[in-house]
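Chain by chain, the residues run as shown.
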Amino acid sequence: HDPAHRRPSVETFLHAVCYSETAAQGVGHTHPTSVLGLLTTAEGTEAFQRHIYPDAIVVCGRHVAIVPYVSPGIALARAARTEIRRFVGSHGVPPKVVLMRNHGMVALGQSATEVRNITLMTDKWARVLTAARMFGGPTYLTEAEADSIDIRPDEAYRRGQLTKKSE
């Protein structure tokens, strides 16, 4: 084995699926401790299926995609493709966040700045959920409240500002 000969990550397929199944211009696959901490619990991804504050809706989208645990590599890429297709069929748009149980997250955006913002907001979301659990559990927004944030014109404007490429 020649140490100078580098091989692509086994997760290259996951990135390829994210690009081929969505209109994303940027894909960021990370394993934030805060997010992974929740994704490895019995409740797992359930905590992210309801919103607790408006910023997460604006930056991360109204809904997140959820992939069950699958070993990294081609199997994970296939599972992600299946979930992204299901998500688009259900919601009419691709996800901005793909959560993979016991593994990590993928942020899908139109620029590196947006991918970074999505990743940072998902990290914040996980930290707020964890803090809320220390004091009796989170108070979730109702579905109607979350839907109204998602379609507000002022939030749409803010979302547009957050997705611009940094100069």
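The structure under discussion appears in the preceding block.
From a predicted model like this one, the values you see are computed outputs, not experimental measurements. In this convention, every chain numbers its residues from 1, walking through the sequence in written order. For a predicted model such as this one, the threshold for reporting local features is a pLDDT of at least 70, and the threshold for listing and counting side-chain atom pairs is 80 or more; totals across whole chains, interfaces and linings nevertheless cover every residue. Remark: hydrogens and water are excluded; side-chain values derive from all non-hydrogen atoms of the structure.

1. Considering the environment of Tyr69
With respect to the helices, strands and loops of the structure, Tyr69 is situated in the loop between β2 (65-67) and α4 (74-91). Taking C-alpha positions, Tyr69 is 9.8 Å from Leu99, a pair spaced 30 residues apart along the chain. Contact criterion: two residues are considered in contact whenever any of their non-hydrogen atoms come within 4.5 Å of each other. In this structure Tyr69 touches Arg101 and Asn102, once residues within four positions along its chain are discounted. Elements are defined by DSSP. Helices are runs of H or I of four residues or more, strands are runs of E of two residues or more, and each kind is numbered from the N terminus.

2. What about the pattern of salt bridges?
The salt bridge definition used is simple: a Lys or Arg side-chain nitrogen within 4 Å of an Asp or Glu carboxyl oxygen. Evaluation of the coordinates by the stated rule reveals eight salt bridges. Linking Asp123 and Arg127 is a salt bridge whose minimum nitrogen-to-oxygen distance equals 3.0 Å. Here Asp123 pairs with Arg127, and both are found in helix α5 (residues 112-134), just four residues apart, close to one helical turn. Residue burial is assigned from relative accessible area. The probe radius is 1.4 Å, only protein chains are included, and a residue is buried under 20% of its type maximum, exposed over 50%, and partly exposed in between. Residue Asp123 is classed as buried on the basis of its relative accessible area of 17%. Judged by its relative accessible area of 53%, Arg127 is exposed. Taken together, the shared-partner salt bridges connect Arg62, Glu143 and Asp147 into one network.

3. Regarding the nonpolar core
Here, nonpolar core refers to any group of buried Ala, Val, Leu, Ile, Met, Phe, Trp, Tyr and Cys residues whose side-chain atoms link them within 4.5 Å. Formed by 23 residues in total, the largest nonpolar core has its most connected members in Val35, Phe48, Cys60, Val64, Leu99, Trp125 and Leu129. Mapped by element, the contributors of at least two residues to this core are α2 (33-39), α3 (54-60), β3 (97-100), β4 (104-109) and α5. If you tally residues by element for this core, the top one is α5, at six residues. Residue contacts for Val64: discarding those within four places in its chain leaves Phe48, Phe87, Val97, Leu99 and Trp125.

4. A look at the sheet that holds strand β1 (residues 26-30)
Pairs of strands are assigned from DSSP output, requiring at least two bridges between the strands. The four strands lie next to each other as β1-β4-β3-β2, forming an open sheet whose pairing is mixed. With one partner strand each, in any of the chains shown, β1 and β2 form the two edges of the open sheet. Put simply, the sheet's adjacent strands are angled 15° from each other on average, direction ignored. Looking at chain direction, β2 and β3 are connected through three bridges and run parallel. For helices, the fitted axis covers only the stretch in contact; all axes are lines through C-alpha atoms, and the angles between them, taken along N-to-C directions, range from 0 to 180 degrees.

So far we have only geometry, and geometry alone does not tell us how the molecule works.
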